Amino acid sequence: MTILVLGGAGYIGSHTVYKLIENGEDVAIIDNLENGHLEAVHPKARFYKGDIRDREFLDSVFAKENIDSVIHFAAYALVGESMEKPLKYYDNNICGTKILLDAMVAHGVKKVVFSSTAATYGEPERIPILESDKTSPTNPYGETKLSMEKMFKWAGQAHDIRYVSLRYFNACGAHISGEIGEDHTPESHLIPLILQVPNGQREYVSIYGGDYDTKDGTCVRDYIHVTDLAQAHILALKYLDKGNKSNIFNLGNGEGFTVKEVIETARKVTGHPIPAKVTPRRPGDPAKLVAASDKARKILGWTPEHDSLEEIISTAWNWHKNHPDGYGKK
């Protein structure tokens, strides 16, 4: 049986495919390569270039492959862009998921693991955040991901589809081998932006907002290594394979670091001074996002292995210093 990974040429998707194949799984990938990279596709995975909004294309893949379950990463995921282009996010994230579910129902595929986000919570009422806490997104990205979760819920009740939604926090780092890593255009994630300074690609890193209610005035986030996220997706599939009911899990290390702390750790890892400048806040950014992931640890048996910020940044630096211009260039 085959696991179909949507968005498997993207950052988290490609790392998950590597982990699946390491575990002996048979994997097919769908990616439109808008944000993914062909160079990130594992050579043992079968690759189909196309868009999940194209029902005819989806049907052709489902007909060709003996698909047992789906892992869904195929969504736009930039907070700032979602504020400027909300309809783009509704079109891809929600319409794409609806068409995916149509295809799953038509082809009798009953299991899906969904890449969700801490952005579903919005400005949290308490730290750390529990899965049962209120969901009130502060941006269209979080709003569409929450709508996708609800779509899985109602489609599940009507069509006997079971799902696991993984709400994760700040994915970061790179594969331990250095073969694949993080390459976005434009880059908007903090750690790659910081590492562009020692790579000679920018003079300084911008800190968006220095007046938050945190210990040093900068945003607090929970950083989690991408390989640990990949492992959680595999555990979620095993959870569904055992016949368990649909569920939602937070994924995080349970420890928050400020932007300034991340920059300071990167200085230590790279040996570069990394100048930083405080600039105005970005709309839609909560002050603190830290996960309580006890539920995933207890029920899925998930244990992050790369949970030190220094190790996370070291793996990222290993990738970026050897791929300063991203995939295909060294």
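Attention in this report is confined to the structure presented alongside it. (Residues numbered from 1 in each chain as written. Predicted model: local features only at pLDDT ≥ 70, side-chain atom pairs only at ≥ 80, totals over all residues. Heavy atoms only, no water.)

This part takes up helix α1 (residues 11-22). An ideal rise of 1.5 Å per residue puts 16 Å on 12 residues; α1 measures up with 17 Å between its terminal C-alpha atoms. By the criterion of burial, α1 is predominantly enclosed, with 11 of the 12 residues buried. Listed as buried for α1 are Tyr-11, Ile-12, Gly-13, Ser-14, His-15, Thr-16, Val-17, Tyr-18, Lys-19, Leu-20 and Ile-21. Contacts made by the buried residues of α1 are with β1 (2-6), β2 (26-31), β4 (67-72), β6 (162-168), β7 (170-172) and α7 (226-241). (Helix = DSSP H or I, 4+ residues; strand = E, 2+ residues; numbered from the N terminus. Expected span 1.5 Å × (residues − 1). Buried < 20%, exposed > 50% of the residue type's maximum accessible area, 1.4 Å probe, protein only. Contact = heavy atoms within 4.5 Å.)

Summed over all chains, the structure comprises 17 salt bridges. Two residues, Lys-88 and Glu-81, come together in a salt bridge whose shortest N-O distance is 2.9 Å. Residue Glu-149 pairs with Arg-167 through a salt bridge whose shortest N-O separation is 2.7 Å. Remark: Arg-167 occurs in strand β6 and Glu-149 occurs in helix α5 (residues 140-159); sequence separation between them is 18 residues. Given the relative accessible area of 3%, Glu-149 is considered buried. When salt bridges with common partners are traced through the structure, they connect Asp-26, Arg-46 and Glu-65 into a single cluster. (Salt bridge = Lys/Arg side-chain N within 4 Å of Asp/Glu carboxyl O.)

Looking now at the packing of aromatic side chains. Under the counting rule described, the total for this entry stands at five aromatic pairs. Between Trp-319 and Tyr-327, the aromatic rings sit 4.8 Å apart at their centres with planes inclined by 50°, giving tilted as the arrangement. Taking relative accessible area as the criterion, Tyr-327 reaches 10% and is therefore assigned buried. Among the aromatic residues, those joined into a ring-pair cluster are Phe-114, Phe-152 and Tyr-163. Between Lys-88 and the ring centre of Tyr-76, over which it is positioned, the NZ or CZ distance is 4.6 Å. Sitting over the face of the ring of Tyr-212, Arg-281 holds its NZ or CZ atom 3.9 Å from the ring centroid. (Phe/Tyr/Trp six-rings, centres within 6.5 Å; stacked < 30°, edge-to-face > 60°. Lys NZ or Arg CZ within 6 Å of the ring centre and 35° of its normal.)

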